[in-house]
Amino acid sequence: MINEISPNIFNISLLSRENIRSEEQVLCYRGGRVLMKNIGDKFIIPKKNELGEFVGDGIFLGEVDGEKCFMAEGKEEMPQGFSYVGMRDIRGQADKLSKWVTAVGFQMYSWLNDNKFCGRCGNPMDLKNDERALECTDCKNIIFPKLSPAIIVAIKKDNKLLLAKNRLHPGTFYSLIAGYVEAGETIEETVKREVMEEVGIDVKNIKYYKSQPWPFSSSLMLGFFAEYDGNNPIKIDNVEISHADWFDADSLPEIPNMDSVAGEMIRIFRDNIEV
Ligand SMILES: [Zn+2]
């Protein structure tokens, strides 16, 4: 059966600056990378006592399995046995929980890093003490963590599924049609618009399936199933999509793995699972 794809990893709390205790976990970021402890070809999240003076105070992010987890700015030089790893390179070499903790931590790190100053008056922002937000030290402008909702849709026609190859993604895999929700739009309208823009067809019987946070792009993916409608043939936009076609369950191309809601939805079609 289908895996749970995005465990609610943080017991969400207020962000606060604190001294990190020796046994507590530390997520140190530099640019798009996070510091991991290397054990053979596996990565695990380091603890404060393993990093010693290499890491100072941190921002408390929340609890993971009852253990406090912090975020800190990492120095370039780190002890032997630790290295900065690209966010996407962690995927095959860490357990599921660690992958999500580092990814959601990265989303918070990016948000803090991108909002050091107030966009309204230019003064420094600081952690708000009664909400999970930033507040301007001068004009009191409040900034919440950025979330960009996006739809992803599995379109069926008879016993076939529409899959598309994205021009911007490296590799050879095919996936579902996806796109960001625009201001003023319902998510059902986004489904219809994105499908028409990218592959030139109409859809009907749009049914919500489930959501998945996608911290790498600060997105919240909203998964839908829908059916082909009308008579239009597929007409790709040649901007985001380089190829799209209808695929039978027994002749699918390379598809995303089960880390993503797209991978899960394609397998629901393939295995003819009732949802
Ligand atoms: Zn301000």
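These figures come from a predicted structure and were not determined experimentally.

*Asks:* Would you take a moment to explain the overall build of the protein for this structure?
*Replies:* The helix and strand inventory of the protein stands at four helices and 16 strands. Overall size of the protein, expressed as C-alpha extent along the three principal axes, is 65 × 50 × 30 Å. In the protein, which comprises 275 residues, the share counted as buried stands at 45%. Within the protein, contacts between residues separated by at least 24 positions form 64% of all contacts whose residues are at least 6 apart in sequence. As presented, the protein carries roughly 14300 Å² of accessible surface, and 48% of it is formed by carbon and sulfur atoms. If the 33 positive side-chain charges of the protein are averaged to one point and the 43 negative ones to another, these points end up 2 Å apart.

*Asks:* What's the story with the coordination of the zinc ion in this structure? I'm lost.
*Replies:* Note on metal sites: the ideal angle is 109.5 degrees for four tetrahedral donors, and 90 or 180 degrees for six octahedral donors. At the metal site, the zinc ion is ligated by Cys 118 (SG), Cys 121 (SG), Cys 136 (SG) and Cys 139 (SG), and these contacts range over 2.3 to 2.4 Å. Coordination at the zinc ion is tetrahedral, judged from the four donor atoms that bind it and the angles of 99 to 115° they form at the metal.

*Asks:* Quick question: what am I supposed to make of helix α4 (residues 261-270) here?
*Replies:* Note: α-helices contain 3.6 residues per turn, so residues at a spacing of three or four share the same orientation. Across the 10 residues of α4, nine count as buried, placing the element largely inside the fold. Structurally, α4 contributes buried residues whose contacts are with β11 (148-157), β12 (160-166), β14 (202-214), β15 (219-229) and β16 (241-248). The positive-phi residue at the C-terminal boundary of α4 is Asn 272, with phi of around 55°.

*Asks:* For this particular structure, what's the right way to read the packing of aromatic side chains?
*Replies:* Counting across every chain of the model gives 10 aromatic pairs. Between Tyr 29 and Tyr 109, the ring centres sit 5.0 Å apart and the planes meet at 25°, which makes this aromatic pair stacked. Taken together, the residues span a long stretch of sequence, with Tyr 29 in strand β2 (residues 25-30) and Tyr 109 in helix α2 (residues 96-113) at a distance of 80 residues. Grouping residues by exposure puts Tyr 29 and Tyr 109 together as buried. With a centroid separation of 5.5 Å and 70° between ring planes, the pair formed by Tyr 174 and Phe 247 is classed as edge-to-face. With a gap of 73 residues between them, Tyr 174 in the loop between β12 and β13 (177-180) and Phe 247 in strand β16 connect regions that are remote in the sequence.

*Asks:* Which parts of the structure should I look at to understand helix α3 (residues 187-199)?
*Replies:* Spanning 13 residues, α3 covers 18 Å between terminal C-alpha atoms, matching the ideal 18 Å at 1.5 Å per step. Three or more residues of α3 are buried, namely Thr 190, Val 191, Glu 194, Val 195, Glu 198 and Val 199. Within α3, the buried residues cover an arc of 125° as seen down the axis, which keeps them to one side. For α3, the elements touching its buried residues are β11, β12, β13, β14, β15 and β16. Just past α3, the residue Gly 200 takes up positive phi, approximately 70°.

*Asks:* Which parts of the structure should I look at to understand the layout of surface pockets?
*Replies:* Vacant regions in the atomic arrangement are exposed by a probe of water-molecule size rolled over the atoms. In this structure, the largest pocket encloses a volume near 970 Å³. For the largest pocket, the lining is made up of 33 residues, of which Asn 166, His 169, Phe 173, Trp 214 and Met 221 are closest to its centre. Counting only elements with at least two residues in the lining of the largest pocket, the list comes to β11, β12, β13, β14, β15 and α4. Per-element accounting of the lining of the largest pocket gives the leading share, four residues, to β13.

*Asks:* I keep staring at the confidence of the model for the protein and nothing clicks. Help me out?
*Replies:* Detailed reading of the predicted model is not advised wherever pLDDT is low. The predicted model of the protein averages 90 in pLDDT, with 96% of residues at 70 or higher. The spread of mean pLDDT over the elements of the protein runs between strand β1 (residues 11-18), the lowest at 78, and strand β10 (residues 142-143), the highest at 98.

*Asks:* Help me understand the pattern of salt bridges in this model?
*Replies:* Side chains carrying opposite charge are able to pair once their charged atoms draw close together. On inspection of all chains with the given rule, the structure shows 14 salt bridges. Residue Arg 270 is joined to Asp 271 by a salt bridge in which the shortest nitrogen-to-oxygen separation is 2.9 Å. Under the relative-accessibility criterion, Arg 270 is labelled partly exposed at 38%. The network of salt bridges with shared partners includes Glu 185, Arg 193, Glu 194 and Glu 197.

*Asks:* Help me understand the pairing of β11 in this model?
*Replies:* Most of β11 sits inside the fold, with seven of its 10 residues counted as buried. The sheet contact formed by β11 and β15 spans nine bridges and is parallel. Looking at the pairing, Ala 154 lines up with Phe 225 of β15. The sheet contact formed by β11 and β13 spans four bridges and is antiparallel. The residue bridging Ile 152 from the neighbouring strand is Ala 178, located in β13. Of the strand pairs in this sheet, β11 and β12 are connected by two bridges, and their pairing is antiparallel.

Conventions we followed
Residues numbered from 1 in each chain as written. Predicted model: local features only at pLDDT ≥ 70, side-chain atom pairs only at ≥ 80, totals over all residues. Heavy atoms only, no water. Helix = DSSP H or I, 4+ residues; strand = E, 2+ residues; numbered from the N terminus. Buried < 20%, exposed > 50% of the residue type's maximum accessible area, 1.4 Å probe, protein only. Contact = heavy atoms within 4.5 Å. Areas by Shrake-Rupley, 256 points an atom, 1.4 Å probe, with all protein chains shown as cover. Lys, Arg positive; Asp, Glu negative; His and termini not counted. Charge placed at Lys NZ, Arg CZ, Asp CG, Glu CD. Donors = N, O, S within 2.8 Å, 3.2 Å for Na, K, Ca; no water. Tetrahedral: all angles 85-135°; square planar, octahedral: opposite > 155°, others 65-115°. Phe/Tyr/Trp six-rings, centres within 6.5 Å; stacked < 30°, edge-to-face > 60°. Expected span 1.5 Å × (residues − 1). Arc of directions from axis to C-beta. 1 Å grid on protein atoms, 1.4 Å probe; cavity = no way out; pocket = protein on both sides within 12 Å on 5 of 7 lines; lining within 4 Å. Points joined across faces, edges and corners; volume = space filled by probe spheres on them. pLDDT = per-residue confidence, 0-100. Salt bridge = Lys/Arg side-chain N within 4 Å of Asp/Glu carboxyl O. Pairing = 2+ DSSP bridges.

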